[in-house]
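The lines below spell out each chain.
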Amino acid sequence: MKRKLASLAALATASALVLAGCSSATDEGTDASTDNGDKTITLWLAGGDTPDELRDYLKSEFTAQTGATLNIQQQDWGDLVTKLTTSLPDANNTPDVTELGNTQSSTFTNVGAFLDISDMYEELGGTNLLQSFVDAGMVGDKNYALPYYFGSRAVFTRADVWAAAGVEQPTTLEEFNAGVAAINAANPLNIPDFSGFYLGGQDWRNGISWIFANDGELATVKDGTWTSTLASENTLTGLAQLQELYKSASNAPNDAKDSNQYIYLNDSDEIKDAEGAVTSNTSLSAATIMAPTWAHWSIGTLGTDADGKATRTWDDTKNAVFALPGNDGKPAPVFAGGSNIGISATSKNPELAKSLLRIIYSEEYQTMLGQNGLGPANSDYVDSLGDDQFAQALIASASNSKLTPAAPGWATVEGSLVMEEFFSKIEGSTDLKALAKEYDDKLTPMLNGE
Amino acid sequence: MTTQNLVLGQADPPRPARPRKRGRSTPYLLVIPACAILILALGYPLVWQFITSMQRFGLSQQFGQPPEFVWFDNYVTLFTDPYMWTVVARSLAFCLVTAAVTMAIGTLMALLMNAVHTSVRITLQISLLLAWAMPVVAAMTVWNWLIDWRRGVLNSVLTGMGLDFQNHNWLANPLSFFFVAMVIVVWMSVPFVAFSIYAGLTQVSTEVLEAAQLDGATLAQRLRYIIVPIIRPVLAIILLLQVIWDLRVFTQIRLLQDVGSIASETNLLGTYIYQLGVGSSDFAMASAVSIFVLVLTVALSWFYVRSMLKEDES
């Protein structure tokens, strides 16, 4: 037994040594400051939104500037909060720098998950940085998490179906509401379960635009205490419009969430007979959807690229994109998508992590973000988005976009799916005010992290 | 008794002569490592969970703030919350119905395997094994495609049969959600039940059955008065396992919820704990519910465990 233990221990030590040898071997050949040669920091990126080109740039630039290695790990949006909850407090497993959703940012900032980087704020862009995102990463007057990129939500339509129904592109929210209901009633292509405007019953992320557009708020804060305000007058106006949309313009299932609704705009699933005539229902079942602006990559005619991967090519004769119009001549305030980025408070290499932030907020990287359709955090570089119709829709809708409440408990609200539940009950409600009141009572303690 | 022992895989007497008592402590010493591992692996998390369930433990505590000890506050909140009881009732109903259906289909499968020709039986066994060996997530992906509301095979077949199931959403209504969930859970657990009962059936001696047949017992009578009593210990333990497994069912429900349904209307205990702990970062409340589920499981299985112990003694 003893001998076995001893040999096990020997084996463990030996393998530890070998593994250690491996890791230091990879650092050979770094030319810059050799002090950092054996150091590695980890960056977590959420989802595949950051293209490979940008990741490669970060890695090579980081090594060139510091001599250390940058390890980029991609996390799924779905379990990001879980992973951050378990990893950030643990110095041995924490990512040094992490991206996280802008609405999740305030919760983690408030519990002290991130390093105070107020001293770098001016250097990284200061007031040029997107302020609503900066606020979501602040406690008091200290900065913890900063904006990484922003997106926004726009309206995507089947211009051909709109034309067939004889409805013009709307210039006000009321015209939009009436227009999609008219298209729904007309159903010019006779598609079963057709939606003039496909809005899932649990899709609050798009639905809250109607609350915001009527000057409603989800919650207000006074002296540090948050109050859910679903039952306030303006919010109720928005909810009533939503109820009308659910009833008369959308045939989306009551349990559908904000997920890939753009597939309902594509018609590539037509079943054709020998002559090429359409014989059976197509997958096209919506004239209008709302989605983050980058969804345009998934809308259009099906094709394949050089590597044989399926691609979609936007077709101007069929598709159109515009910012959801408001009633005051400006675009309606929609839910701003995007991410924040912060340094873990338990990071063992905070100086290297700060170097990484300097690279991310450099003109070169910010420009690269814009060129790839992601809104750069620094407003000086927004021009890099270009001026095609998608960039225009992004810039227009982002100009008036809003964030969810920066309350300490907002990530909890999202995690417990209360908003989904509330929105699913809007269509069938006979007393919206009572329903809103009921959910106000649930949300207020959650918002305050109680 | 002999047959029962055979079924349970125990060796029959004659018993070997007891070895002389040497050091009385040796057996205890030998048991210590196993106990130590059990205590470490099972006891530690259990104790931690129990302590956490009596604290306020949220995201701030996870990030290092000291938790406040509140004794049984969480339990009081829990037991006065009507939603909790809805979930408990829902879980119990789901678990009992699912376990019963699984047992019924599993038993029929086992009888079928016992009755058919070897080649048919082996085909049957292989298909059952494949269903059993399928990773849950992979199987769930396929199930989700089958029941997809727009392009699913199920709706297409039903519509083809002249019924109006075009774009029918199975997951939106909680009742049909649980029906779908039950079908999937039953599909996944029938193989285990069928194999175990089949193993039990092979232990029923053909002489007894032939004798009964000569005495004029019908098939139903033979099943009821001979086969079932003989394999009862197997049935009892399998039913117990099914009840426990179906009470803590999680993956299938969770993956169905990802596709559709309103979470609050379709939560079972497993997903409720997940939503409390992982979703809302309320680790204390999640621990309290877990402890409650543990107690519930013990209570549910107590009756069975006791009757099995009794049979062992007799």
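Residues numbered from 1 in each chain as written. Chains lettered and ligands numbered in written order. Predicted model: local features only at pLDDT ≥ 70, side-chain atom pairs only at ≥ 80, totals over all residues.

An unreviewed UniProt entry annotates chain B as Sugar ABC transporter permease originating from Cryobacterium zongtaii. Looking at the Subcellular location (unreviewed entry) heading of the UniProt record, one finds this comment for chain B: "Cell membrane". UniProt's Sequence similarities (unreviewed entry) comment on chain B is quoted here verbatim: "Belongs to the binding-protein-dependent transport system permease family." (UniProt positions renumbered as here; feature names shortened; annotations may be inferred.)

Under an unreviewed UniProt entry, the name given to chain A is ABC transporter substrate-binding protein, and the organism recorded is Cryobacterium zongtaii. As recorded by UniProt, the Sequence similarities (unreviewed entry) comment attached to chain A reads in full: "Belongs to the bacterial solute-binding protein 1 family."

(A) Region of interest: the overall build of chain B. From N to C terminus, chain B includes 16 helices and two strands. Looking at chain B as a whole, 29% of its 314 residues are labelled buried. Of all intrachain contacts in chain B linking residues separated by at least 6 positions in sequence, the fraction that spans at least 24 positions is 67%. (Helix = DSSP H or I, 4+ residues; strand = E, 2+ residues; numbered from the N terminus. Buried ≥ 20, exposed ≤ 12 C-beta atoms within 10 Å, placed from the backbone. Contact = placed C-beta atoms within 7 Å.)

(B) Focus on the environment of A159 of chain A. Residues and elements named next belong to chain A. Its place among the elements puts A159 in helix α7 (residues 159-164). The class of A159 is partly exposed, set by 17 C-beta atoms lying within 10 Å. Taking the C-alpha atoms as reference, A159 lies 12 Å from P170; in sequence the two are eleven residues apart. Leave out the neighbours within four places in its chain, and A159 touches K318, N319 and A320.

(C) Inspection of the UniProt feature "transmembrane region" (unreviewed entry) in chain B at higher detail. Residues and elements named next belong to chain B. Taken from the UniProt record, the annotation "transmembrane region" (unreviewed entry) applies to residues 28-51, 91-112, 124-146, 177-201, 222-245 and 283-305. When the span residues 124-146 is considered, its composition is 91% helix and 0% strand, and the gap between its end C-alpha atoms is 23 Å. End-to-end, the C-alpha atoms of residues 177-201 are 35 Å apart, and along that stretch the chain is 100% helix and 0% strand.

(D) Broad picture of the sheet that holds strand β3 (residues 97-101) of chain A. Residue and element names in this part refer to chain A. If you trace the six strands from one edge of the open sheet to the other, you get β2-β1-β3-β16-β6-β17, paired in mixed fashion. The open sheet has two edge strands with one neighbour each: β2 (69-75) and β17 (375-376). Sheet topology note: the β3/strand β16 (residues 337-343) ladder contains five bridges and is antiparallel. The residue bridging G101 from the neighbouring strand is S339, located in β16. (Pairing = 2+ DSSP bridges.)

(E) The confidence of the model for chain A, seen in detail. Averaged over all residues, the pLDDT of chain A is 85; the fraction at 70 or higher stands at 89%. Note that residues 16-33 of chain A has pLDDT below 50 and, in this model, 14 contacts with residues that lie over four places away or in other chains. (pLDDT = per-residue confidence, 0-100.)

(F) Expanded view of the interface of chain B and chain A. Each partner contributes to the interface: chain B provides 22 residues, whereas chain A provides 21 residues. Those elements that place two or more of their residues in the side of chain B that touches chain A are α3 (59-62), α14 (263-266) and α15 (269-279) of chain B. Residue composition of the side of chain B that touches chain A, grouped by class: eight nonpolar, 14 polar and no charged. (Nonpolar A, V, L, I, M, F, W, Y, C, P; charged D, E, K, R; others polar.)

(G) Up close: the packing of helix α5 (residues 82-115) of chain B against helix α9 (residues 174-201) of chain B. All names here are of chain B. α9 packs onto α5 with a crossing angle of 45 degrees between their chain directions and a minimal axis gap of 6 Å. With respect to their mutual orientation, α5 and α9 come out oblique. Remark: the crossing between α5 and α9 carries right-handed chirality. When its residues are assigned to classes, the contact of α5 with α9 shows 18 nonpolar, six polar and no charged. (Axes fitted to C-alpha atoms, helices over the stretch in contact; angles between N-to-C directions. Parallel < 35°, antiparallel > 145°, perpendicular 65-115°, else oblique. Left-handed = near helix turned anticlockwise from the far one by under 90°.)

(H) Geometry of the environment of T123 of chain B. Residue and element names in this part refer to chain B. Residue position: T123 is located in helix α6 (residues 118-133). The exposed category is assigned to T123, around which 12 C-beta atoms lie within 10 Å. Between the alpha carbons of T123 and M113 there is a distance of 9.8 Å; along the sequence they are ten residues apart.

(I) Main features of the sheet that holds strand β15 (residues 319-322) of chain A. All names here are of chain A. Strand order in the open sheet made by the three strands is β12-β7-β15, with antiparallel pairing throughout. Of all strands in the sheet, those with a lone pairing partner are β12 (288-292) and β15, marking the two edges. With direction set aside, neighbouring strand axes in the sheet form an average angle of 30 degrees. Here four bridges tie strand β7 (residues 153-158) to β15, and the two strands are oriented antiparallel to one another. Directly across from R158, in β15, lies its bridge partner N319.

(J) Up close: the domain arrangement of chain A. All names here are of chain A. Under the domain assignment, chain A is made up of domain 1 (29-152 + 336-398) and domain 2 (153-335 + 416-447). In this complex, domain 1 contributes eleven residues to the contact, which on the side of domain 2 involves 13 residues. By residue number, the principal contributor to the side of domain 1 that touches domain 2 is helix α13 (residues 389-398), which donates six residues. Partitioning the side of domain 1 that touches domain 2 into residue classes produces five nonpolar, six polar and no charged. (Domains from an automatic or database assignment.)

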